[in-house]
There are 2 protein chains.
Amino acid sequence: MGVPVSSANSLAVDDLGSAAQRDRRKRILDATIALASQGGFDAVQMRAVAEQADVALGTLYRYFPSKIHLLVSALQREFERTEIALRDKPVDGDTAADRVISALKRTTRGMQSDPQLTEALTRAFMFADASVAAEIHQVGMLLTAMVTRAMYPEGHEELTDEDVSIAQVIGDVWLSALVGWVTGRTSAAETGQRIEVAVRLVLRD
Amino acid sequence: MGVPVSSANSLAVDDLGSAAQRDRRKRILDATIALASQGGFDAVQMRAVAEQADVALGTLYRYFPSKIHLLVSALQREFERTEIALRDKPVDGDTAADRVISALKRTTRGMQSDPQLTEALTRAFMFADASVAAEIHQVGMLLTAMVTRAMYPEGHEELTDEDVSIAQVIGDVWLSALVGWVTGRTSAAETGQRIEVAVRLVLRD
DNA sequence: CGGTGAACTGGAACGTGTTCCTATTTTAGA
DNA sequence: TCTAAAATAGGAACACGTTCCAGTTCACCG
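Residues numbered from 1 in each chain as written. Chains lettered and ligands numbered in written order. Predicted model: local features only at pLDDT ≥ 70, side-chain atom pairs only at ≥ 80, totals over all residues. Heavy atoms only, no water.

Account for the packing of aromatic side chains, naming residues and giving values.
Using the criterion set out here, one finds five aromatic pairs over all chains in the structure. On the numbers, 5.4 Å between centres and 75 degrees between planes, the contact of Phe41(A) with Phe127(B) is edge-to-face. Separated into two different chains, Phe41(A) in helix α1 (residues 19-43) and Phe127(B) in helix α6 (residues 115-127) make up a pair that spans both. Phe127(B) carries the same exposure label as Phe41(A), and that label is buried. Aromatic pair Phe127(A) and Phe127(B): ring centres 4.2 Å apart, planes at 40 degrees, arrangement tilted. Of this pair, Phe127(A) sits in helix α6 (residues 115-127) while Phe127(B) sits in helix α6, on two different chains. One aromatic cluster in this structure is built from Phe41(A), Phe127(A), Phe41(B) and Phe127(B). The ring of Phe41(B) carries the charged tip of Lys67(B) above its face, separated from the ring centre by 4.1 Å. Arg123(B) extends its terminal NZ or CZ atom over the ring of Phe127(A), reaching a point 4.4 Å from the ring centre. (Phe/Tyr/Trp six-rings, centres within 6.5 Å; stacked < 30°, edge-to-face > 60°. Helix = DSSP H or I, 4+ residues; strand = E, 2+ residues; numbered from the N terminus. Buried < 20%, exposed > 50% of the residue type's maximum accessible area, 1.4 Å probe, protein only. Lys NZ or Arg CZ within 6 Å of the ring centre and 35° of its normal.)

This is the structure we're talking about:
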C-alpha cells in the first residue's frame, strides 16, 4: 500500500487538492444530509443529491463510489462533529458507568431529534459491505473513543485490553439498540433503557 | 387486530391452506437459500428466485412482499431448524458463560461454513425496516431463547429481568460481531474472540 | 356439474442505483 | 501563454426491485 489512495473508496478530504474540490465534496455531503433529514434513506437519491449539490451525476460517483459510501461518509462527518462538540463539555457522573450512560444518552438524544437522518445513516452503516470497510472502521474508532473518554475523563495513562473490550461491547449494544429504534421496533425510552442496562452490566465499578 | 392476518407481511406457513401453497412457499425459500449460498445477497434476484422456484414473479411477491421479507423469512426458517437441532444436544460446560459460549460458537461455526448464505441473511436482517418488524421479532426471540437455554440447561423456574437483559446484550454483540465478519472487517477467529470476551464480561458467575 | 372468485402465469413497464460516453472546462506544467 | 492531462457536465443506457395487468387455472359452493 503506497501513496496512491483508495481505489474503490470515497475521496477523503485530504486527497482533495483544490479548494473547489473540497467545496464540491462539502456541497455533496450537505445535500446528502439535507435530503436524508427530510425523507430518510429513500429520499437520498443519487440524481437528487447531484442536482442539489450542483454537480453532475458522474462527478458524484467520482467522489463517492456508491450511495452507501456516500451515506457512511456523511455519517462519519456528522460523527466527527458530534465527537468534537462533546470533547470539550465535561461529562458529568461519578462512576464510569454514569458518565458513559450520560454521554451515550446525550448522543442518542441528538440522533433522535432528527429521526429521518438517523434512519438514513444507520441503515447505510448496517448495510455496508466489505468495500466500505475503511469508512466503517473510522466510525467504529470514533465510537469506542467516545466511550473510553467517558470512562476515563482525564487523559488516562493506558487503556487495558479489558477497557477496549468493554467499550466495544457497549458500542455493539448501542448500535443494535439504534437499529431497533430506527426500524420502529423499540421506542426511544426503551432504547435508552436498553443501553443503560447494558452499560451497568458491563461496567460494575 | 382481528383474525385477518398480515396486510403487508409474508404469508406465514399457518396462513396457507392448500398443500400446493405450502409447497410453493417451500420451493421459494429453498430457491432463496440455494441462490444465497451460491452468490450471497446480490445473487438473490427476485426473477431468479421465481424462475428457480418455478413460480411467476407476481406469485413470489404475493408470498413475500419484498426481497427483504423473503430473506428474513428464510433466515427465520434456518434459525428455527438450527434451534431445534440444538435443542436436543446437551450443551457442555460447567458455568453459564461456558455453555453460552459453546452454544454461540457452534452456531457461529455453522454460519461461517456457508459465508455467502450468512452474508445474504445477515445483510437482509440488518437492512430490514419497520415493515418486517414481525419477522425480525421472531428471530430475536429465537436468539434470546437460545442464549437463555444455554444459561439454564434444565427447564428453569423463572427468568429474571437481569437474565433477559444479559441474553439481549449477548444477542446484540453476537449480531454486531456477525456483521463485522460478514463485511470482512473481522476474521472468524476475531469474531469468536469478541463474542467470548463479551459473554465473560456479562456472565461472571 | 356449472359458476364464481381467488390464485397463478407471463410479461410489460417504471423507478432508482450504477455505468459509460462525449464534449467542455479546469488545472498543472513547460 | 500554450498545451496536454485531468476533472466535470450532461445525459443515455443498463440492471434489478417492484408494480401492474390481461388471460388462465384452480378450488370451492350451490
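Residue-level account of the protein's contact with DNA strand C, with values.
Taken together, 17 residues surround DNA strand C, and among them Arg47(A), Arg24(B), Thr59(B), Arg62(B) and Tyr63(B) come closest. Here the atoms of DNA strand C within 4 Å of the protein split so that 68% fall in sugar or phosphate, with bases taking the remainder. Ala56(B) places a main-chain nitrogen or oxygen 2.8 Å from a phosphate oxygen of DNA strand C. The separation between a phosphate oxygen of DNA strand C and a polar side-chain atom of Thr59(B) is 2.5 Å. (Near = heavy atom within 4 Å. Polar contact = N/O pair within 3.5 Å; in protein donor to acceptor, adjacent residues only side chain to side chain.)

Help me get a handle on the interface of chain B and chain A, residues and values and all.
The interface of chain B with chain A comprises 26 residues on the first partner and 26 residues on the second. Sorting the residues of chain B by area buried against chain A places Met126(B), Phe127(B) and Leu201(B) first, and these three jointly supply 23% of that buried surface. Applying the counting criterion to the chain B and chain A interface returns two salt bridges. A salt bridge links Asp172(B) to Arg194(A); the nearest nitrogen and oxygen atoms lie 2.9 Å apart. Secondary structure elements with two or more residues in the side of chain B that touches chain A: α6, α7 (133-151), α8 (161-182) and α9 (188-202) of chain B. Here the side of chain B that touches chain A takes nine residues from α8(B), the largest share from any one element. (Contact = heavy atoms within 4.5 Å. Buried area = accessible area lost by both parts, 1.4 Å probe. Salt bridge = Lys/Arg side-chain N within 4 Å of Asp/Glu carboxyl O.)

Mind laying out the relation of the copies chain B and chain A, listing which residues take part and the relevant values?
The operation relating chain B to chain A is a screw motion whose rotation component is 180 degrees, with 0.0 Å of axial translation and a residual RMSD of 0.1 Å. A rotation of that kind, with that shift, is consistent with a two-fold axis. Of the residues that chain B buries at the interface, 100% are likewise interface residues in chain A, meaning the two copies contact each other through the same surface. (Least-squares fit on C-alpha atoms with pLDDT ≥ 70 in both.)

Describe the protein's contact with DNA strand D, with residues and values.
Neighbouring DNA strand D are 17 residues; Arg24(A), Ala56(A), Thr59(A), Tyr63(A) and Arg47(B) lie closest to it. Taking all atoms of DNA strand D within 4 Å of the protein, the share assigned to sugar and phosphate is 68%. Within the side chain of Thr59(A), a nitrogen or oxygen atom sits 2.6 Å from a phosphate oxygen of DNA strand D. In the model, a phosphate oxygen of DNA strand D is placed 3.1 Å from a nitrogen or oxygen of the Tyr61(B) side chain. In terms of residue count, helix α3 (residues 57-63) of chain A provides more of the surface near DNA strand D than any other element does, three residues in total. Here the surface near DNA strand D is built from residues that sort into seven nonpolar, four polar and six charged. (Nonpolar A, V, L, I, M, F, W, Y, C, P; charged D, E, K, R; others polar.)

Describe the packing of helix α8 (residues 161-182) of chain A against helix α9 (residues 188-202) of chain A, and please don't skip the residues or the numbers.
All names here are of chain A. Between α8 and α9, whose axes approach to 9 Å, the crossing angle comes to 165 degrees. Regarding the angle of α8 to α9, the classification is roughly antiparallel. Taken as a pair, α8 and α9 cross one another with a handedness that is right-handed. In this structure, α8 contributes Ile166, Val169, Ile170, Val173, Trp174, Ser176, Ala177 and Trp181 to the contact, and α9 contributes Ala188, Thr191, Arg194, Ile195, Ala198, Val199 and Val202. Looking at the contact of α8 with α9 residue by residue, the class counts come to 12 nonpolar, two polar and one charged. (Axes fitted to C-alpha atoms, helices over the stretch in contact; angles between N-to-C directions. Parallel < 35°, antiparallel > 145°, perpendicular 65-115°, else oblique. Left-handed = near helix turned anticlockwise from the far one by under 90°.)

Which residues make up the side chain of Glu83(B), and what values go with them?
Its place among the elements puts Glu83(B) in helix α4 (residues 67-88). Overall, Glu83(B) belongs to the buried group, its relative accessible area being 3%.

Describe unusual backbone geometry, naming the residues involved and giving the relevant values.
Residues other than glycine seldom take positive phi values, yet Asp54(A) does so here, at roughly 60 degrees. On the secondary structure map, Asp54(A) appears in the loop between α2 (46-52) and α3.

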